[in-house]
Amino acid sequence: MMEHRLRIVELFQSLQGEGANSGRLMIFIRLTGCNLRCDFCDTAFDRVEMECTPEELLEEIKKRYPTCKNLLWTGGEPTLQLTEEVVEFFKSAGYWQALESNGLVPAPMSLDYITLSPKVKWDKVTENYRDRAVGELRFPIAEGNPLPEIERLPKAMHYYLSPIFDGDRVVAENIGYCQQLIEEDPRWSLSLQMHKLIGIR
């Protein structure tokens, strides 16, 4: 048994609400802690619902969600806890694994899909992922926020702008600003937080 213990804010199953995997059934594993304090963050990432070993977590997942084989490691900032050993353990158990990260800490190599959502230090994120293609870059954007040139960012299959919501409320100014940025560089696409629009977790 691994001695590594994971501190978890919440464990739940839902449809992925944004990005390229939007609509896909996922088991969300929200890990505690973050290395940033973003004023628009909608996650209580400092509380701990459960603390367990990977083996104990696997048993809990099998018990609660026996049919789903897609894991999404998220946070907070999951790379503060997630190790290569943990990813390999769940891979050996037959799980497809995605990660959502701000990119300031390099992610384990064995993940199947990586979403980077950089907020600061874009060059540091690019340095961490210089030799790794990721699934998507997804930038949370409010009206007037600066956006780096794609050439300064890690290579990705998809480049998304995600307009920041006010709670569950769409902010038209943020959507309009994202549209303006996409018109200036059509390599970007819009990603809305579908889960908030349709009222799911």
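What you are looking at is a predicted structure, and each value in this text was computed from that prediction instead of being measured. (Residues numbered from 1 in each chain as written. Predicted model: local features only at pLDDT ≥ 70, side-chain atom pairs only at ≥ 80, totals over all residues. Heavy atoms only, no water.)

1. Thoughts on the overall build of the protein
Formally: A run of H or I in DSSP becomes a helix once it reaches four residues, and a run of E becomes a strand once it reaches two; helices and strands are each numbered from the N terminus. Note on areas: Shrake-Rupley with a 1.4 Å probe; residue coverage comes only from the protein chains shown. None of His or the chain ends enter the tally, which takes Lys and Arg as positive and Asp and Glu as negative. For the purpose of locating charges, the reference atoms are NZ of Lys, CZ of Arg, CG of Asp and CD of Glu.
Along the protein, the regular secondary structure elements total five helices and nine strands. Going from N to C terminus, the protein has its helices and strands arranged as β-β-β-α-β-α-β-β-α-β-β-α-β-α. Across its three principal axes, the protein shows a C-alpha extent of roughly 50 × 40 × 30 Å. On the protein, roughly 9700 Å² of surface is accessible, and the fraction owed to carbon and sulfur atoms is 50%. Each charge class in the protein can be summarised by its mean position, and for the 23 positive and 31 negative side chains these summaries are 3 Å apart.

2. Describing the packing of aromatic side chains
The condition is simple: Paired rings are identified among Phe, Tyr and Trp, the last through its six-membered ring, by centres lying within 6.5 Å, and are further divided according to the angle between planes into stacked (under 30 degrees), edge-to-face (over 60) and tilted (the rest). In this scheme, a residue with accessible area under 20% of its type's maximum is buried, one over 50% is exposed, and one in between is partly exposed, where area comes from a 1.4 Å probe on protein chains only. Any Lys NZ or Arg CZ found within 6 Å of a ring centre and within 35 degrees of that ring's normal is scored as a charge over the ring.
Taken as a whole and judged by the stated rule, the model has eight aromatic pairs. Between W73 and F90, the ring centres sit 5.5 Å apart and the planes meet at 75°, which makes this aromatic pair edge-to-face. You can see W73 sitting in strand β4 (residues 70-74) and its partner F90 sitting in helix α2 (residues 84-92), a full 17 residues away along the chain. On the basis of relative accessibility, which here comes to 0%, the residue W73 falls in the buried class. Note on F90: relative accessible area 0%, which makes it buried. These aromatic residues form a ring-pair network of at least three members: W73, F89, F90 and Y95. Over the ring of W96 we find R24, and its NZ or CZ is 3.9 Å from the ring centre. Between the NZ or CZ atom of K69 and the centre of the ring of Y95, over which it lies, the distance is 4.3 Å.

3. Concerning the confidence of the model for the protein
To be explicit about the condition: Confidence scores per residue from the predictor, reported as pLDDT, run from 0 to 100.
For the protein, the average pLDDT comes to 90, and 91% of its residues sit at 70 or higher. Here helix α5 (residues 194-198) stands out as the least confident element of the protein, with mean pLDDT 78; strand β9 (residues 189-190) is the most confident, with 98.

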